[in-house]
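The lines below spell out each chain.
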Amino acid sequence: LAEAYHEGFRAQAAKWPRNPLDDVIRWLKEEVPRQHVIGDFGCGDARLARELKERKVHSFDLVQINSRVTACNLAEVPLPKASLNVAVFCLALMGTDWTKFVAEARRCLKL
């Protein structure tokens, strides 16, 4: 079911005039220091990690559809407190408990 969802998502995204993840990737490459650790919450197929191979990217989603993805509830990711420099939610705040996802990202961020 998850693979079918992601396949459908990719097909739809291919029709968009602009994919917001392209802008996130560009921003990370151009503006964020290479040594910063990134958390991709609701990563889908972990394209962010694939595009930023030279960076440390933690990719989280409910289902692991490839080896780059850590399957977990986004409200409880397996990272220690203050371990991320950047948290990304790109088209990922659709669940009813999205506020818990944001709180978890806050816990993981170095502030």
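Notes on the structure in this doc start here. (Residues numbered from 1 in each chain as written. Predicted model: local features only at pLDDT ≥ 70, side-chain atom pairs only at ≥ 80, totals over all residues. Heavy atoms only, no water.)

### Observations concerning the nonpolar core
Part 1: Judged by nonpolar contacts, the single largest core of 16 residues is most densely connected at Val24, Leu28, Ile38, Leu48, Leu52 and Val88.
Part 2: The set of elements that each furnish at least two residues to this core consists of α2 (20-31), α3 (47-51) and β4 (86-88).
Part 3: No other element matches the four residues that α2 contributes to this core.
Part 4: Once residues within four sequence positions are removed from consideration, Leu52 is found in contact with Ile25, Leu28, Lys29, Ile38 and Val57.
Part 5: Within the second largest apolar cluster, 13 residues are counted, among which are Phe60, Leu79, Ala105 and Leu109. (Core = buried A, V, L, I, M, F, W, Y, C linked by side-chain atoms within 4.5 Å. Buried < 20%, exposed > 50% of the residue type's maximum accessible area, 1.4 Å probe, protein only. Helix = DSSP H or I, 4+ residues; strand = E, 2+ residues; numbered from the N terminus. Contact = heavy atoms within 4.5 Å.)

### Regarding the sheet that holds strand β2 (residues 57-61)
Part 1: Within the open sheet, the four strands sit side by side as β3-β2-β1-β4. Their pairing is parallel. The sheet is open, and its two borders are formed by β3 (69-71) and β4, each paired with just one other strand. Strand-to-strand twist in this sheet, taken as the mean axis angle between neighbours without regard to direction, amounts to 25 degrees.
Part 2: Where strand β1 (residues 38-41) and β2 come together, four bridges link them in parallel fashion. Across the sheet, residue Ile38 finds its bridge partner in β2, namely Val57. (Pairing = 2+ DSSP bridges. Axes fitted to C-alpha atoms, helices over the stretch in contact; angles between N-to-C directions.)

### Focus on the pairing of β2
Sheet faces and side chains relate simply in a regular strand, where the side chains alternate between the two faces.
Part 1: Taken across its five residues, β2 has four buried, putting it largely inside the fold.
Part 2: Of the pairings in the sheet, the one linking β2 to β3 comprises three bridges and is parallel in character. Bridging across to β3, Asp61 finds its partner in Ala71.

### Concerning helix α4 (residues 98-108)
Part 1: Listing the buried residues of α4 in full gives Phe101, Glu104, Ala105 and Cys108. Looking straight down α4, one finds that the buried residues subtend no more than 100 degrees of arc, so they occupy a single side. Facing away from the buried surface of α4 by more than 90 degrees, the exposed residues are Lys100 and Arg106. (Arc of directions from axis to C-beta.)

### Considerations on α2
Part 1: Compared with an ideal rise of 1.5 Å per residue, which puts twelve residues at 16 Å, α2 spans 16 Å between its outermost C-alpha atoms and is within 8% of the ideal.
Part 2: As for α2, its buried residues are in contact with β1, α3 and β4.
Part 3: For α2, the capping residue at the N-terminal end is Asn19, with a side-chain oxygen 2.9 Å from the backbone nitrogen of Leu21. (Expected span 1.5 Å × (residues − 1). Polar contact = N/O pair within 3.5 Å; in protein donor to acceptor, adjacent residues only side chain to side chain.)

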